[in-house]
Amino acid sequence: MSQARRHLRPALFLAAVSARVATTGVAARRGLSAWPAPQEPGMEYQDAVRALNTLQTNAGYLEQVKRQRGDPQAQLEAMKLYLARSGLQVEDLDQLNIIHVTGTKGKGSTCAFTERILRSYGLKTGFFSSPHLVQVRERIRIDGQPISPELFTKHFWPLYRRLEETKDSSSYVSMPAYFRFLTLMAFHVFLQEKVDLAVVEVGIGGAYDCTNIIRKPVVCGISSLGIDHTSILGDTVEEIAWQKGGIFKRGVPAFTVLQPDGPLAVLRDRAQQISCPLYLCPPLEALEEGGPPLTLGLEGEHQRSNAALALQLARCWLQQKDYRGIGELKVSRPSLLRQMPLAPVFQPTTHMRHGLRDTEWLGRTQVLRRGPLTWYLDGAHTASSMQACVRWFRQALHRRQRPSRGSEVLVLLFNSTGDRDPAALLKLLQPCQFDYAVFCPNLTEVSTVGNADQQNFMVTLDQVLLRCLAHQQHWSRLDEEQAGPEPGEPTSSLLAPHPPEPRSTSSLVFSCISHALLWISQGRDPVFQPPSPPQGLFAHPVAGSGAGVLREAAAIHVLVTGSLHLVGGVLKLLEPALSQ
């Protein structure tokens, strides 16, 4: 079938839907529903989430993405079709004053910094991100807060019914997949709630991503680039850079952080081809020079790059909207770095400083201190983000307050999903010299019945447990291969009983996060106090002997990493208020 014919039917249907919507064009342009919002008596938030979860089985989406890597236009046409069926046109999105952000590492943190800075100016903000940690409504935020269950339900059912009513048995006119539906819903929410601006985080990639239906963002940003989602984006950083640069729009300013020469050249060429002004962010130190240091609400040295990008995005947005008080320029003449114009070097305003300081972004370099337990949570899942995670974790250990007596125990809780290389990620964690490595799936409980936010229909329990066993085998091999610290590499940062010579790490696999936390905490976390563990849960010799060590330890340091979904499951159990 020719490419023209392949696009013919959806194009005709789009035209038909557009004509249907034209009768209520004024309402659509105002961001209002094109059809009356049906009332859904008795439909609660969990009912809406269960209905949303049925769209996960429609997620042959990723396979479709792989097939259409060279044809991103086909995916954007499909998204236009969904948008029209939902009662909106692409032009309606222009009024959202969008900041569009992509990248491999740090795009979510960059968005969080940017949103908080602009909120400190008194603006009403929308923020669309993924994935969620505990509840799906976290993906759509108003003024920094997840929309309420009531607001989620209010907006969900009219959109869901509208799409149901306009589908047919054709693969061209179906229900959108999970992420596409949430993207559509975010646009409807932001328009109807009349936000001043929306910060939109790209899901995967850029060129083919369904958020790239946005045609007139105010400004675009690209955070640090690296290898991830290779089956979809490509095998090299240069290919990935080409995909990420797909969000560039003609005449719309864009900013990126310092990248390796290869991907930076790709971004520069991609921007030049469509006359997109692309700027390189100066380091945060340049903006701090001559003034007090900036305090960041997110820990970790790598967050400074994200904060530098966020400052440029926020300042550019304010400048485009003719706001005053956007930071006095320190350097009046533009300069070049690596054949790219350098973004303005300016004095951050008080609003900007407060925004950076007050930024919260759960599950990223987050620390929870609970009695003898300290939980270190970071959803690192790429090689570069794992390197940053390890640096942050080891620095945090160096700064910790050591107990006057008794032992300290280091525990790793890890999982990895998708097409990522778990062996490579685990190798990066070896220098931490953990006493115990624990592996479990991203399931809070063995059964997720009654917990719709955590359901995943794309995998079975057997599949995820087999993957955890593979992780354990990778770790055991790495443990055997470890001959000792590299020359000049510091040994364990902990005091005795941690000897400087290499030692093997005991490892365990549990069937869910709850069981893993039960064993790690041994009832010593004052908040996580579940019922007694199932009989035989700790029957394994390592589990039995380790339980005694953990009960007697003066301090237990637990790093949870490898997957944002794992971090979300842990947060759900350790912070019950997040589920309310």
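Predicted model, so just to flag it, every value in this text is computed and none were measured.

A. Here's a closer look at the UniProt feature "binding site: ATP" (unreviewed entry) in the protein chain. Those places that UniProt annotates as "binding site: ATP" (unreviewed entry) correspond, in this numbering, to R364 and D378. With respect to the helices and strands, R364 occurs in the loop between α14 (350-357) and β11 (366-370). Apart from residues lying up to four places away in sequence, R364 is in contact with S109, L133, L377, D378 and L564. Looking at where D378 falls in the secondary structure, it is placed in the loop between β12 (373-377) and α15 (383-399). Looking at D378, the relative accessible area reads 6%, which means it is buried. Beyond its immediate stretch of four places on either side in the chain, D378 contacts G363, R364, T365, C389, W392, V560, T561, G562 and V567. Polar contacts involving the side chain of D378 include one to the main-chain amide nitrogen of T365, which spans 2.8 Å.

B. How the structure looks around unusual backbone geometry. The step from S130 to P131 runs through a cis peptide bond, and the omega angle for that step is -5°. Positive phi outside glycine occurs at D322, with the angle close to 60°. By the secondary structure assignment, D322 is in the loop between α13 (303-320) and β9 (336-337). Phi at T365 takes a positive value of approximately 45°, unusual for a residue other than glycine. Looking at the element boundaries, T365 is found in the loop between α14 and β11.

C. Quick look at the state of the cysteines. Scanning the model with the defined rule gives 0 disulfides in all. Free cysteine: C316, not disulfide-bonded; nearest cysteine sulfur from C220 at 9.5 Å. Judged by relative accessible area, C316 falls into the buried class, the value being 6%.

D. Spatial organisation of the sheet that holds β12. Sheet architecture is open: 6 strands sit in the order β11-β12-β16-β13-β14-β15, paired in mixed fashion. Each end of this open sheet is capped by a strand with a single partner; those strands are β11 and β15 (506-509). Taking the axes of each pair of neighbouring strands and ignoring which way they run, one obtains an average angle of 20° across the sheet. This element, α15, spans β11, β12, β13 (408-414) and β16 (555-561) of the sheet and lies at about 165° to β16.

E. Region of interest: the nonpolar core. One finds F152, F156 and F190 to be the most contacted residues of the largest nonpolar core, which totals 44 residues. Going through the elements one at a time, α3 (45-53), α5 (72-86), β3 (140-142), α7 (149-165), α8 (178-192) and β5 (197-201) are the ones with two or more residues in this core. If one sorts the elements of this core by residue count, α8 sits on top with 11 residues. If sequence neighbours within four positions are ignored, F152 has contacts with Y45, A48, V49, L52, V136, R137, I147, L182 and M185. Core analysis: the next-biggest nonpolar cluster, separate from the first, contains 38 residues, F113, L294, L296 and W361 among them.

F. Looking closely at the side chain of Q303. Structurally, Q303 is set in helix α13. Engagement of the side chain of Q303 in a polar contact is seen with the side chain of S109, the distance being 3.4 Å.

G. Region of the structure containing the pattern of salt bridges. In the structure shown here, the tally under the stated rule is 15 salt bridges. Where R116 meets D358, a salt bridge forms, and the shortest distance between an N and an O atom there is 3.7 Å. Pair noted here: R116 is in helix α6 (residues 107-119) and D358 is in the loop between α14 and β11, with a separation of 242 residues, a long-range link. Here R116 falls in the buried class, since its relative accessible area comes to 17%.

H. Broad picture of the packing of aromatic side chains. For the structure on display, the rule yields 18 aromatic pairs. For the ring pair W157 and Y160, a centre distance of 5.8 Å and an interplane angle of 80° mean the geometry is edge-to-face. Note that W157 and Y160 are positioned in helix α7 at a spacing of 3 residues, about one turn of the helix. Note on W157: relative accessible area 4%, which makes it buried. Taking 5.0 Å as the distance between ring centres and 80° as the angle between the ring planes, the aromatic pair formed by Y376 and F393 counts as edge-to-face. Of the two residues, Y376 is situated in strand β12 and F393 in helix α15; the sequence distance between them amounts to 17 residues. Across the pair, exposure class does not vary: Y376 and F393 are buried alike. Three or more aromatic residues joined by ring pairs make a cluster, and in this case those are Y45, F152, F156, W157, Y160 and F181. The ring of W242 carries R270 above its face, with NZ or CZ at 3.8 Å from the centroid. In this structure, R315 is placed above the aromatic ring of F346, and the distance from its NZ or CZ to the ring centre is 4.9 Å.

What counts as what
- Residues numbered from 1 in each chain as written.
- Predicted model: local features only at pLDDT ≥ 70, side-chain atom pairs only at ≥ 80, totals over all residues.
- Heavy atoms only, no water.
- UniProt positions renumbered as here; feature names shortened; annotations may be inferred.
- Helix = DSSP H or I, 4+ residues; strand = E, 2+ residues; numbered from the N terminus.
- Contact = heavy atoms within 4.5 Å.
- Buried < 20%, exposed > 50% of the residue type's maximum accessible area, 1.4 Å probe, protein only.
- Polar contact = N/O pair within 3.5 Å; in protein donor to acceptor, adjacent residues only side chain to side chain.
- Disulfide = S-S within 2.5 Å.
- Pairing = 2+ DSSP bridges.
- Axes fitted to C-alpha atoms, helices over the stretch in contact; angles between N-to-C directions.
- Core = buried A, V, L, I, M, F, W, Y, C linked by side-chain atoms within 4.5 Å.
- Salt bridge = Lys/Arg side-chain N within 4 Å of Asp/Glu carboxyl O.
- Phe/Tyr/Trp six-rings, centres within 6.5 Å; stacked < 30°, edge-to-face > 60°.
- Lys NZ or Arg CZ within 6 Å of the ring centre and 35° of its normal.

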